[in-house]
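# Report on the structure
Now for the letters of each chain:
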Amino acid sequence: MPVLEGHWGSDLRMRDSGLGVCPEEPPGSPEWGPLRTPPVTCGGLSLTLELPALIRQLRAAWRARKGGPCSREKRHGSTWGEAEKEVEEGKHDEENSCAHLEAKSRLNTGHADVLLAKRRGSYPPIDLRILRNSIESGETEFSTKRRMKHLLSFQRYYHTSRLLRGLAPHDSGSLYLLDDDYLGQAAHMLSKVGTWNFDIFLFDRLTNGNSLVTLMCHLFNIYDLIHHFQLDIVKLHGFFGMVQKDYHSQNPYHNAIHAADVTQAMYCYLKEPKLADQLTPLDVFLGLIAAAAHDVDHPGVNQPFLIKTRHHLASLYQNTSVLESHHWRSTVGMLRESGLLAHLPAEITRVIEQQLGSLILATDICRQNEFLLTFREHLDNQDLDLLDASHRHFILQIALKCADVCNPCRSWELSRQWGERVCEEFHKQGELEKKFDLEVSPQCDHKVDSVPAIQSGFISCIAEPLFEEWNLFTHPSLLSQTMLDHLDKNKAHWIRLLKPRTLAEEQTYACAESCDAEKGERKNIT
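Every value quoted in this text rests on a predicted model; they were computed, and no experiment measured them.

### Thoughts on the environment of Ile 200
Its place among the elements puts Ile 200 in helix α7 (residues 200-206). Residues Ile 200 and Leu 212 lie 12 residues apart in sequence; the distance between their C-alpha atoms is 9.7 Å. Not counting the four nearest positions on each side in its chain, Ile 200 is found in contact with Ile 257, Ala 260, Asp 261 and Trp 418.

Take a look at the structure:
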């Protein structure tokens, strides 16, 4: 979490794990802003130096901090003057390599004289003193336990012990990055990753909180995307790690487990017979990356909250698709920071970045009716041609939208957990709004909006219309029929859990009933 300074109008301290967003660039620019690589520093050290110069800087800083060199022979001989001298040598080397670095940065970004998309923490600049009493101790304890569990996990011990004993991996030439890092039940679950009853919560526990990285590595191997795009394995794993790390585990719903769940659902949709044979490797690559990163760096609050608190992201994106735009630009920033696509031609990289944006921006719930009406028109006219790249991309947008809201289509045990998690996040936002004397957003007041009321209304107004159209597109599809069956059963479950309804819940159900009426009219017409 970024350190917050000052009050509502203050800036956020830059996260040292990423790059920042350029606020001067309007979001409506055709090329999505200038792409020039800015100077990158860490702790006062320039990271644009060649490796020898950077090593000299690090040595100088270490000696200056400790009051002496690291070597035993010169334990008392180092001074700040020597450190500064070595830093000057580093600066000289930096000047000598300036032209080379500038040319390299232009090749990597694909554009000249423009500003690189950066990453910045999205957390609202809230006075943490208000929240510290309720969350600080719990988060610190959870973070420490999680880190220790990760470091001391059986999988890591097993893998290290094999190496120390001189035992090589089963296949030294294999591209399966995690052959010895996940074992037993986790590996067995991955063998069934294409089934709809996949339990992502159990998989996350078996992988020690690394469900997203593990799943993405596995799916990239299934589709042979590493060979097809000639990807560097280390950079690929680093990129997946960045994406997973930039999800915030303190969010009950918008966290890395949700991203892994959406990615697994997206994989199931990409396997649909009507779609699978028509997809290109680029389509699959875009679909999986967009699913994994579609909510990256989500702050745990919705767009109206950012707008009414005058958050910098709302200003940057002019109150339109604020979170989705931030997810997209953060993803592009991580792609460039990892160098994953640096070997590809600049034009291809630019197309990939733009199409990722198109997919991620499609998940904006405010654009639900826009996409649904277009989808219905295509189905009514029967003019979808999956040999057309633009039509395939549109179907990928619809598939990602379905994957993003597919929780009510899971089995009741999984659907209930997701429903409770998302409502918990809504209610946390409501409590935050009350503390700041803001108007409580719809569905965010835990005293008024119950979980069953929110979930049954969401199923009626959002999930059912979308998945019925998806079923028409994929027909005949066993998966789509299974999802609709779960949807009906889960809605009935939530309705049975309802207590005597309040006035706000009556209004929610009035909306749900009107949606049901429109759905009935739609069926009669077709």
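### Let's talk about the nonpolar core
A general tendency of soluble globular proteins is for nonpolar side chains to be buried together. One finds Phe 220, Tyr 269, Phe 467 and Trp 470 to be the most contacted residues of the largest nonpolar core, which totals 97 residues. Of the residues forming this core, the biggest block, 11 residues, is contributed by helix α11 (residues 256-270). If you look at the next biggest cluster of nonpolar residues, it comprises 11 residues, including Leu 313, Tyr 317, Leu 323 and Leu 432.

### Details of unusual backbone geometry
Cis geometry marks the peptide bond from His 475 to Pro 476, where omega comes out at -5 degrees. Structurally, Pro 476 can be placed in the loop between α21 (451-474) and α22 (478-496). Positive phi values are uncommon outside glycine, yet Arg 310 reaches one of about 55 degrees. The residue Arg 310 is located in the loop between α14 (303-308) and α15 (312-316) in this model. Using a relative accessible area of 73% as the deciding quantity, one classes Arg 310 as exposed. The backbone of Ser 321 sits at a positive phi, close to 45 degrees, despite the residue not being glycine.

### What about the UniProt feature "binding site: Zn(2+) 2" (unreviewed entry) in the protein?
Residues annotated by UniProt as "binding site: Zn(2+) 2" (unreviewed entry) correspond here to Asp 295. By the secondary structure assignment, Asp 295 is in the loop between α13 (281-293) and α14. Owing to a relative accessible area of 6%, Asp 295 belongs among the buried residues under this scheme.

### Comments concerning the pattern of salt bridges
Close approach of charged atoms lets side chains of opposite charge pair. With the rule as written, the count across this model stands at 11 salt bridges. For the salt bridge of Arg 416 with Glu 420, the shortest nitrogen-to-oxygen distance reads 3.4 Å. One end of the pair is Arg 416 and the other is Glu 420, both in helix α20 (residues 412-435) and 4 residues apart, which spans about a single turn. Exposure remark for Arg 416: the relative accessible area of 31% places this residue in the partly exposed category. What you see here is one network of salt bridges that share partners, running through Glu 431, Lys 434 and Asp 445.

What counts, and where the lines are drawn
- Think of each chain on its own: its residues are numbered from 1, step by step along the sequence as written.
- Only residues with pLDDT of at least 70 are given local features in this predicted model, and only at 80 or more are side-chain atom pairs given and counted; all residues enter the totals for whole chains, interfaces and linings.
- To obtain the side-chain values, all non-hydrogen atoms of the structure were included, while hydrogens and water were left out.
- Per the convention used, a helix needs a DSSP run of H or I reaching at least four residues, while a strand needs a run of E reaching at least two, with both numbered from the N terminus.
- Whether two residues touch is decided by their heavy atoms; if any such pair falls within 4.5 Å, the residues are in contact.
- Nine residue types can take part in a nonpolar core, namely buried Ala, Val, Leu, Ile, Met, Phe, Trp, Tyr and Cys, and a core is a set of them joined through side-chain atoms within 4.5 Å.
- The buried label goes to any residue with under 20% of its type's maximum accessible area, the exposed label to any with over 50%, and the partly exposed label to all in between, with areas taken from a 1.4 Å probe on protein chains only.
- UniProt positions are given in the numbering used here, feature names are shortened, and annotations may be inferred rather than shown by experiment.
- The salt bridge criterion pairs a side-chain nitrogen of Lys or Arg with a carboxyl oxygen of Asp or Glu, the two atoms within 4 Å.

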